[in-house]
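Residue strings, one per chain:
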Amino acid sequence: PRPSPPPPSPPPPTGDQERRTLLQTENTEFTFKTAEISDSSPQYVVNKMSSYSGKGYWMSVSQQHVELLYTYEVGVYVGSENFRIVKEDIILPEDTWVHLVATYNGHSIVIYMSDEADSLHLVKNITFFEEPQLFGKRNSQPMHIGENFFGQIDEVKIFNAVLAVNESIAHGVCPSHKGGLLYDEDLVAYYRLNEGFGNYTRDMSTHDTPGVLGMICAHVDQNKEAKLQCPDNFYVAEIIFANYGINDGTCGSFEIDDECFNEQTKSIVENACGLNASQSVARAQECSINAYNDVFGNECVGIHKSLAIQAICAPNDQMTRFRSVENPCRSFSGVCMDDPRWSSTTAPTEVGVASALSEPTCPYNGNTKEILPHNMLVDGDCTEWDMSKATAGSTSMFAIFTLDGCGYIDFTKEDDHSFFGNLTYPMKIVAMESDGLAEEGNCFPQSQKEDPVQMMHEWAGMGFCNYF
C-alpha cells in the first residue's frame, strides 16, 4: 500500500480449560510507522482477554523504534495469577503477507513466521520445564481480531490441538471449511474475511459463530452511565443490540430475557448517539446515556435492571484516505460496497494453482459426472468400471483432472496450455516356439510391453470441453 501515517491508537482491548490453541493468521500490507512516530502499543492479531486484568490469550506485534522492527508476542493466562508469555523481535517486511503461527501444549509455547507460502520458520520456543502442565482458563470475554492493528488480516484459524508444522503450512495456503479436503475436526474458529462488505463475517468452522466488524459494547447496572467510544477516526455508525432490562451473556453474545425486555431501548440509544434519520448531528466518536427509568421507562416494575448495548464503529472520511487498495472489489457474496474495512487483496493461496494430474478416474461418479460435458459420456456407470480390465476394441471412458495445490480440480488453465503423457497398453500374447509345440499350432503366453503410445491433452477453453 501507499505509505501513510496511521491513526492514533484506540483504547486498550477490552481460553478454555485444557485448550491447546494454534492461532494461525495471515497479515498483509502493513503500513509501517517511521521511527519518529513509532507507537509501541500492542497491535493484536487475535486476543480473547480481559481489558482490566489481561487474563486470557493473545497474539500481538508491537512496533519498535527501528523501522520494520516489531516485537512478536504470544501469551496465555494459566490460572493463579500466572501468565506464560513468549516474545521475540522480528522484521516484518513492508507490503508483504506474513504467516504467523503459535502453538501451546501446556508446557511449551512455540511461535513461527514466514513471508513464503510454502514454509514456516521457527522464531522462538519457550518450555516451562520445572512447572506443571497448565492450560488456558475458560473466560467469557469476546474474541477480538485486529484490535489496534494497523494493516490487513486474512484467514484467521484457531484449533484446539497443536498441529504439525507441515499441517500449519497447508492450512496457511488452503481453505479448511467443512467438506473441504483440508478440513480438521480440531478447527474451532475460522474467519475467512471474504464477504467484501457489511458488518459481519462468517465463521466457517462447525461452530458457525459470526464475527462482527468494529463492534463495541457497554453494559452497566441501573442508575449508571453507559458510554460507547470508538477509536480515533471512527464513529458510532449503528446500534445492533440494546436492552434496558435483564440481559444475559457478554459483549457479542447478549441475549434478551423475555421476563424483562424493553423494545424501545434501541431507538432511544440511537437518538442519544445521533443516529436518528431526522437528526443532523455530526458523526460521533463517542456517546453516553444514563440507565435510568426516567430515560427508558420502567417496563419491569420491581426488577433491578441493566443496560446492555452493542454498536458498530465505522471509519470516517479521514480514515478512508488510508485505504490503499484500488483493485476491483472481491466479494464472496457478489455484492460490493465502498467500505474501507474490506480489501480486495487476499493472502497467498494454492487454490487455482496447478500442481499435478490426477489418476485415471471413473467419469460416471458423482463428483466427476457433474463436471464433464454430457456429450462426452457414453452410457455407463462405475459399478463395473475398472481401467485395469479394459477390453481390446471396446471404448473405455476415464477422466484425468489437473489438481491445484489444495487438491481441488482446477479449470483455470489458459487456452494455450497443454499436457503430454503416455499410455501403455496391457501385455500382449505372442507365439513362441518351444519343444516343437509351435509347429503343432500351440501358442504360449509371453509378456512383452508395447511401446508407449503418446497422449496429448489439448485445453479447449474455459468451457472445460477437453479431448484427447
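Everything numeric in this text was worked out from a predicted model, so none of it was measured.

**What about the pairing of strand β7 (residues 108-114)?**
Now for step 1: Buried residues dominate β7, accounting for seven of its seven residues.
Now for step 2: Here β7 shows no split at all, with S108, V110, Y112 and S114 on one side and I109, I111 and M113 on the other all buried.
Now for step 3: Bridge count for strand β6 (residues 98-104) against β7 is six bridges, and the pairing is antiparallel. Within β7, the residue paired with H99 across the bridge is S114.
Now for step 4: Taking the residues between adjacent antiparallel strands as the criterion, β6 and β7 are bridged by three residues, where G106 takes a positive phi near 95°.
Now for step 5: The pairing of β7 with strand β8 (residues 121-127) spans six bridges and is classified as antiparallel. The partner of I109 across the bridge, within β8, is I126.
Now for step 6: Once β7 ends, the chain turns through six residues before running back antiparallel as β8.

**Quick look at the sheet that holds strand β20 (residues 306-315)**
Now for step 1: In spatial order, the strands read β14-β20-β16; together these three strands make up an open sheet with antiparallel pairing. Edge positions in the open sheet fall to β14 (215-221) and β16 (234-245), since each of these has one partner strand only. Each neighbouring strand pair of the sheet contributes to a mean axis angle of 20°, computed without reference to strand direction.
Now for step 2: Here β14 pairs with β20 via seven bridges, running antiparallel. Among the inter-strand pairings, C217 is bridged to a residue of β20, identified as Q310.

**Description of unusual backbone geometry**
Now for step 1: One non-glycine residue, E155, lies in the positive phi region at around 55°.
Now for step 2: Relative to the assigned elements, E155 resides in strand β10 (residues 152-159).
Now for step 3: For E155, a relative accessible area of 12% puts it in the buried group.

**Quick look at the state of the cysteines**
Now for step 1: The final tally for this structure, using the stated rule, is six disulfides.
Now for step 2: Disulfide pairing places C260 opposite C300 at an S-S distance of 1.9 Å. When the S-S torsion is 110°, as for the bridge of C260 with C300, the disulfide is right-handed. Note that C260 is positioned in the loop between β18 (255-256) and α2 (265-272) and C300 in the loop between α3 (293-296) and β20, a separation of 40 residues in sequence. C300 carries the same exposure label as C260, and that label is buried.
Now for step 3: The side chain of C273 participates in a disulfide bridge whose partner is C287; the two sulfur atoms lie 2.0 Å from each other.

**Remarks on the pattern of salt bridges**
Now for step 1: Counted under the stated rule, the structure contains eight salt bridges.
Now for step 2: Ionic pairing is found between K124 and E88, a salt bridge with its closest N-O pair at 3.2 Å. With K124 in strand β8 and E88 in strand β5 (residues 82-91), the pair connects residues that are 36 residues apart, well separated along the chain.
Now for step 3: Residue classification places K124 among the partly exposed positions, given a relative accessible area of 27%.
Now for step 4: Accessibility expressed as a relative area gives 30% for E88, which makes it partly exposed.
Now for step 5: Among the ionic pairs, K227 bridges to E286, the shortest N-O distance being 3.5 Å. Residue K227 is found in strand β15 (residues 225-229), and its partner E286 is found in strand β19 (residues 286-290); the two are separated by 59 residues along the sequence.
Now for step 6: The partly exposed category is assigned to K227, whose relative accessible area is 41%.

**Re the nonpolar core**
Now for step 1: In terms of nonpolar packing, the biggest core is built from 30 residues, with Y72, V74, L100 and I109 touching the most fellow members.
Now for step 2: Counting only elements with at least two residues in this core, the list comes to β2 (43-49), β3 (56-63), β4 (69-79), β5, β6, β7, β10 and β11 (187-191).
Now for step 3: Sorting elements by how many residues they give to this core places β4 first, with five residues.
Now for step 4: Setting aside residues up to four positions removed in sequence, V74 forms contacts with W58, M59, R84, I85, V86, A102, I109 and I111.
Now for step 5: In terms of nonpolar packing, the next biggest core, distinct from the first, is built from 21 residues, L228, C230, Y244 and A291 among them.

**Considerations on the sheet that holds β3**
Now for step 1: Strand order in this open sheet of five strands is β5-β4-β3-β2-β9, and the pairing throughout is antiparallel. Each edge of the open sheet is held by one strand with a lone partner, namely β5 and β9 (144-145).
Now for step 2: Sheet analysis places β2 next to β3, joined by six bridges and oriented antiparallel. Following the sheet pairing, M49 is matched in β3 by G56.

Calculation notes
- Residues numbered from 1 in each chain as written.
- Predicted model: local features only at pLDDT ≥ 70, side-chain atom pairs only at ≥ 80, totals over all residues.
- Heavy atoms only, no water.
- Buried < 20%, exposed > 50% of the residue type's maximum accessible area, 1.4 Å probe, protein only.
- Helix = DSSP H or I, 4+ residues; strand = E, 2+ residues; numbered from the N terminus.
- Pairing = 2+ DSSP bridges.
- Axes fitted to C-alpha atoms, helices over the stretch in contact; angles between N-to-C directions.
- Disulfide = S-S within 2.5 Å.
- Salt bridge = Lys/Arg side-chain N within 4 Å of Asp/Glu carboxyl O.
- Core = buried A, V, L, I, M, F, W, Y, C linked by side-chain atoms within 4.5 Å.
- Contact = heavy atoms within 4.5 Å.

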